[in-house]
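# Working through the structure, step by step
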Amino acid sequence: RKDAQRWMAGILERKTSLRIGLYGSYYPAAELKRLESLRNSIKRDGYSSIRLVRDMPDLPDFKDEMDKSIFSIERSNVNLFVLTFRGQKQGAVRELDYVLKNPEHVFKCVVFIETMRRAGSTVRCLTSMLQDDLRAVGMRVVEFAGDKDEELTAMTRGTLLDFLYYYVRNRPEDLESDTH
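Residues numbered from 1 in each chain as written. Predicted model: local features only at pLDDT ≥ 70, side-chain atom pairs only at ≥ 80, totals over all residues. Heavy atoms only, no water.

Right, let's get into the overall build of the protein chain. The helix and strand tally for the protein chain stands at seven helices and six strands. Ordering the α and β elements of the protein chain from the N terminus gives α-β-α-β-α-β-α-β-β-α-β-α-α. Since a compact globule built from 180 residues should have a radius of gyration of about 16 Å, the 16 Å found for the protein chain is in line with a globular shape. Residues classed as buried in the protein chain amount to 44% of the 180 residues present. The contacts of the protein chain with a sequence gap of at least 6 include a subset with a gap of at least 24, amounting to 73%. Summing over all exposed atoms, the protein chain offers an accessible surface of approximately 9700 Å²; the carbon and sulfur share of this is 50%. (Helix = DSSP H or I, 4+ residues; strand = E, 2+ residues; numbered from the N terminus. Rg over C-alpha atoms; globule rule 2.2 N^0.38 Å. Buried < 20%, exposed > 50% of the residue type's maximum accessible area, 1.4 Å probe, protein only. Contact = heavy atoms within 4.5 Å. Areas by Shrake-Rupley, 256 points an atom, 1.4 Å probe, with all protein chains shown as cover.)

This brings us to the nonpolar core. Counting 45 residues, the largest nonpolar core has Leu18, Ile20 and Leu134 as its most contacted members. Contact partners of Leu134, with chain neighbours within four places excluded, come to Leu96, Leu100, Val111, Leu126, Met139 and Val141. (Core = buried A, V, L, I, M, F, W, Y, C linked by side-chain atoms within 4.5 Å.)

All right, on to the pairing of strand β5 (residues 121–124) then. Where strand β4 (residues 109–118) lies against β5, four bridges are found, and the strand directions are antiparallel. Across the sheet, residue Met116 finds its bridge partner in β5, namely Val123. Between β4 and β5, which pair antiparallel in sequence order, lie two residues; one of them, Ala119, sits at a positive phi of approximately 55 degrees. (Pairing = 2+ DSSP bridges.)

To continue, consider the state of the cysteines. Tallied over the entire structure, the rule returns zero disulfides. No disulfide involves Cys109; its sulfur sits 16 Å from that of Cys125, the nearest cysteine. (Disulfide = S-S within 2.5 Å.)

Turning next to the layout of surface pockets. If you add up the space inside the largest pocket, you get close to 330 Å³. Taken together, 15 residues form the lining of the largest pocket, with Tyr26, Glu65, Gly91, Ala92 and Glu95 sitting closest to its centre. If you list the elements that add at least two residues to the lining of the largest pocket, you get β1 (20–24), α3 (65–75) and α4 (90–101). Take the lining of the largest pocket: its biggest share by element is five residues, from α4. Residue composition of the lining of the largest pocket, by class: six nonpolar, six polar and three charged. (1 Å grid on protein atoms, 1.4 Å probe; cavity = no way out; pocket = protein on both sides within 12 Å on 5 of 7 lines; lining within 4 Å. Points joined across faces, edges and corners; volume = space filled by probe spheres on them. Nonpolar A, V, L, I, M, F, W, Y, C, P; charged D, E, K, R; others polar.)

Glancing now at α3. The set of residues buried in α3 consists of Met66, Asp67, Lys68, Ser69, Phe71, Ser72 and Ile73. The secondary structure elements touched by the buried residues of α3 are β1, β3 (78–83) and α4. By the N-cap criterion, in which a side-chain oxygen at the helix start approaches the backbone nitrogen of a residue two or three places on, α3 is capped by Asp64, the distance to Met66 being 3.1 Å. (Polar contact = N/O pair within 3.5 Å; in protein donor to acceptor, adjacent residues only side chain to side chain.)

Put into structure tokens, the structure is as follows:
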């Protein structure tokens, strides 16, 4: 038991090394607050290298916000996309389109989509065509109940722990360099 605790502690101490990009809608303002709240909650869990695209500094090479997004997607160990009913999804869908066109990034991306029950069936905040495209390339898609941010946060924590274990076990060198 003590060996298992030491082993797990060794993995958890690497939380600060996991570079995490967080993507979603900034409009309306309540959606940006949801993303910021998620980011702050994850930071409190010890994942200090989590950033929204807007948190990143402007570099001379960036022509626009999409260049910042691409930089973040490429440099992050994990990319979390949060899509909701109320959020304007154009930016996040453009970012996902980039991943779809550059499938070498798919393994490190997860899309969280808000759902709700209506008339006995589940309604998702994405078009079925985009869902099909994401699944066709093997993108992880996780559903969370509408307005249940605590469920989203719990699912995000579990996802990050899975990725942390993966990187510590299989790609520790990717946690060494801090290029985020």
